[in-house]
Amino acid sequence: MKRILILGGGTGGLVAANELRKKLSKEHKIILIDRNDKHIYAPSFLWLMLGKRKAQKIQKPLKLVKRKGIDFVNEEIIKILPEKKIVKTTRNEFDYDYLIISLGAELAPENIKGLSNAGYNLYQLEDVERLRDDLKKFKGEKVSIVISSLPFKCPAAPYEAAFLLDEYFDKKGVREKTEISIFTPEALPMPAAGPKNGEIIKSMLESRNIRFNPETQLVSVDSNKKEIQFKDKTPVNYDLLIFVPPHKGPEVIINSNLGNEMGWIPVDKNTLKTNHNNIFAIGDVASITLSSGKPLSKAGVFAHFEAEVVADNIAAEIKRLNADKRYDGRAYCFLELGYGKAGFAGGNFYAEPVPAIKMRRPGRLWHLGKLLFEKYWFWKWF
Ligand SMILES: Cc1cc2nc3c(=O)[nH]c(=O)nc-3n(C[C@H](O)[C@H](O)[C@H](O)COP(=O)(O)OP(=O)(O)OC[C@H]3O[C@@H](n4cnc5c(N)ncnc54)[C@H](O)[C@@H]3O)c2cc1C
C-alpha cells in the first residue's frame, strides 16, 4: 500500500488526485490537503466582474472529492521535510511515499507601497466582487489596469479584463467618457507566446482604443492622491485602479528551503521531478526554464497537463510499469475579447528555438469554447 500526498486543491492538485484515483486501486491512499475548503475556478473571475457569474457558482467544496475515494484534509501546510518524508500541517503530520506539490503562487500586494489599500485586486475573489458592485456606479473616467511585476499567472487575464470592460462601458453608454489604459513591465502582451502574437494583441488593443503602456515598472500607489508612480516615468492619475499584484512562491516552500529565492521549485520540464526523491512540483509553483532562457508562463493549462503526466508516471511506477510519460510543452489559451467573441492561441511552448504558438482568428466559437470549458471543468473533476 502506498500513500500519495497532494499539496494544494487548485488546478494541478485536483487533476492529479482524480487521475491517480482513476489509475490506482483502493488499497493505495490518495490524500489531498488544502487550507481552503473550496476549489475556486479563477478564469471565471472576469465574468464575475461583469455580474455574469455568482461567486458560489465558480467554486465547489473540496470535500466532494471524498465520494471518489480521495481523502481531503482542510488544513494549512506549514513544513515539508523531504529527508523524513513528512509534511506538517498546523494540526497533523503526514508521511508519504510520493509527494505532489501544487501550492500555486502567493499574491503579495504588500510588496508595493500603497497597493494593498488602493483599487481592486483582479486576482482575488472578494475584490472582484467589490469591483463588480462599484462598476455599476461608475460614470466613466480614467481606468488603469496595472500589472505590478513579473511573473504573474495567466498572462492573458489583464488583457481580457480590458477588452471586456471596453464592451461593458460601451453598453453602459459611458465608453466615450472613459479612458482605459494598461501598464505593464512587459514589452508586448503575453511575451511567452512570441513577438508576433504580442503585436497582434497590441493592435487589437489599439483598435479598441485601449492604451498600452509597455515597460512600465510599478513603484508605488498613493490612494489619497489617486496617483500611480512608475520607475523613471511621470506619475499617472486614476479614477479606477485594477491591478495584478506581485506574485511569490508559497511561504511554506520558502520556509522548507525547497525553492529558489522567490520560492519557485526548479523541476525537470518533462517529468516535473524536483531534486528530491519522489517529490514532484507542478503548476504555478514549479519553475521551468525554456531553452530561450525565459521562464515558462504560469497558467492553469500547464498545471492541468503536468498533473496528468505526474499522475500517470506515479501510478505506472507503483504498478511496476514503464513510467514513460513526458510533458511536451503543448498548451492553449482563450482570450476573451467582449461582444461574444474570443481569440485562441495554442501550440508548443517547448519548441526550439522559440515557442511555436499560433493565434487563431477571433470569433464566437472560441468564446463558446471558453464557456463550455468552465462547465466541463466542474463536471470532470467533481
Ligand atoms: C483572473 C484569473 C484568470 C485566469 N484564467 C486562466 C485561464 O483562462 N487559463 C489558464 O490556463 N489559467 C488561468 N488562470 C491561472 C490559473 O488559475 C492558475 O495558473 C492555476 O490555478 C494554477 O494551478 P496550481 O494548481 O498551480 O495552483 P492553484 O490553482 O492556485 O492552487 C493552489 C492551492 O494551494 C493552496 N495552498 C497554498 N498554500 C497552502 C498552504 N500553505 N497550505 C494549504 N494549502 C495551500 C491554495 O489554497 C490553493 O487551493 C487565471 C488566473 C486568474 C487569477
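Right above here is the structure, for reference.
Treat the numbers as computed from the prediction; the structure is a model and nothing was measured. (Residues numbered from 1 in each chain as written. Predicted model: local features only at pLDDT ≥ 70, side-chain atom pairs only at ≥ 80, totals over all residues. Heavy atoms only, no water.)

Chemist: Give a detailed account of the overall build of the protein, specifying residues and quantitative values.
Modeler: Scanning the protein from N- to C-terminus turns up eight helices and 25 strands. For 382 residues, the compact-globule estimate of 2.2 N^0.38 gives 21 Å, and the protein sits close to it at 21 Å. Burial statistics for the protein: of 382 residues in total, 55% are counted as buried. Considering only residue pairs separated by 6 or more positions, the protein has 66% of its internal contacts joining residues 24 or more positions apart. On the protein, roughly 17,400 Å² of surface is accessible, and the fraction owed to carbon and sulfur atoms is 49%. Once the 61 positive and 46 negative side-chain charges of the protein are each reduced to a mean point, those two points are 5 Å apart. (Helix = DSSP H or I, 4+ residues; strand = E, 2+ residues; numbered from the N terminus. Rg over C-alpha atoms; globule rule 2.2 N^0.38 Å. Buried < 20%, exposed > 50% of the residue type's maximum accessible area, 1.4 Å probe, protein only. Contact = heavy atoms within 4.5 Å. Areas by Shrake-Rupley, 256 points an atom, 1.4 Å probe, with all protein chains shown as cover. Lys, Arg positive; Asp, Glu negative; His and termini not counted. Charge placed at Lys NZ, Arg CZ, Asp CG, Glu CD.)

Chemist: Kindly report on the packing of helix 3 (residues 125-137) against helix 4 (residues 157-172), identifying the contributing residues and their values.
Modeler: At a minimum axis distance of 11 Å, the contact between helix 3 and helix 4 shows a crossing angle of 35°. As for how helix 3 packs across helix 4, the hand of that crossing is right-handed. Residue-level inspection shows Leu135, Lys136 and Lys137 of helix 3 in contact with helix 4, the latter providing Leu165, Tyr168, Phe169 and Lys172. Tallied by class, the residues present in the contact of helix 3 with helix 4 amount to four nonpolar, no polar and three charged. (Axes fitted to C-alpha atoms, helices over the stretch in contact; angles between N-to-C directions. Left-handed = near helix turned anticlockwise from the far one by under 90°. Nonpolar A, V, L, I, M, F, W, Y, C, P; charged D, E, K, R; others polar.)

Chemist: Give me the site of the ligand: which residues, what numbers.
Modeler: Near the ligand lie 27 residues; those nearest to it are Thr11, Gly12, Asp34, Ser102 and Val301. A distance of 2.8 Å separates an oxygen atom of the ligand from a polar backbone atom of Gly12. Contact between the ligand and Gly300: an oxygen atom at 2.9 Å from a main-chain N or O atom of the residue. Burial of the ligand by the surrounding chains reaches 90%, relative to a free accessible area of 1,000 Å². Counting only elements with at least two residues in the shell around the ligand, the list comes to helix 1 (11-23) and helix 7 (300-318). The element contributing the most residues to the shell around the ligand is helix 7, with three residues. A class-by-class count of the residues in the shell around the ligand yields twelve nonpolar, nine polar and six charged. Both of domain 1 (3-105 + 249-318) and domain 2 (115-247) provide at least three residues apiece to the shell around the ligand. (Near = heavy atom within 4 Å. Polar contact = N/O pair within 3.5 Å; in protein donor to acceptor, adjacent residues only side chain to side chain. Domains from an automatic or database assignment.)

Chemist: Tell me about the sheet that holds strand 7 (residues 86-89), and please be specific about residues and values.
Modeler: Spatially, the three strands line up as an open sheet ordered 6-7-8, and their pairing is antiparallel. Edge positions in the sheet fall to strand 6 (77-81) and strand 8 (93-95), since each has one partner strand and no second. Strand-to-strand twist in this sheet, taken as the mean axis angle between neighbours without regard to direction, amounts to 20°. Here strand 7 runs beside strand 8; their pairing, made up of three bridges, is antiparallel. Across the sheet, the residue bridging to Lys88 is Glu93, located in strand 8. (Pairing = 2+ DSSP bridges.)

Chemist: An account of the packing of aromatic side chains is requested, with residue identities and associated values reported.
Modeler: The tally for this structure, following the rule as stated, stands at 18 aromatic pairs. Arranged with centres 5.2 Å apart and planes meeting at 85°, the rings of Phe302 and Phe349 form a pair that is edge-to-face. With Phe302 in helix 7 and Phe349 in the loop between strand 24 (341-348) and strand 25 (356-363), this pair connects stretches of sequence that are 47 residues apart. Judged by relative accessible area, Phe349 falls into the buried class, the value being 11%. Members of the aromatic cluster, joined through ring pairs, are Tyr41, Phe373, Tyr376, Trp377, Phe378, Trp379, Trp381 and Phe382. (Phe/Tyr/Trp six-rings, centres within 6.5 Å; stacked < 30°, edge-to-face > 60°.)

Chemist: I'd like to hear about a nonpolar patch on the surface, residue by residue, with values.
Modeler: Together, Leu365, Leu368 and Leu372 make up an exposed nonpolar region whose accessible area comes to about 320 Å². With respect to the element layout, Leu372 can be found in helix 8 (residues 364-381). (Patch = residues over 30% accessible without salt bridge, like charges linked within 9 Å, V, L, I, M, F, W, Y side chains within 5 Å. Salt bridge = Lys/Arg side-chain N within 4 Å of Asp/Glu carboxyl O.)

Chemist: Describe the pattern of salt bridges, with residues and values.
Modeler: When their charged atoms lie close together, side chains carrying opposite charge are able to pair. Enumeration over the complete set of coordinates arrives at 22 salt bridges. Between Arg35 and Glu106 there is a salt bridge, and its shortest N-O distance comes to 3.7 Å. In this pair, Arg35 is assigned in the loop between strand 2 (29-33) and strand 3 (38-40) and Glu106 in strand 10 (residues 106-107), connecting sequence segments 71 residues apart. For Glu106, a relative accessible area of 19% gives the class buried. Note that Lys248 is salt-bridged to Glu251, the shortest N-O span being 3.0 Å.

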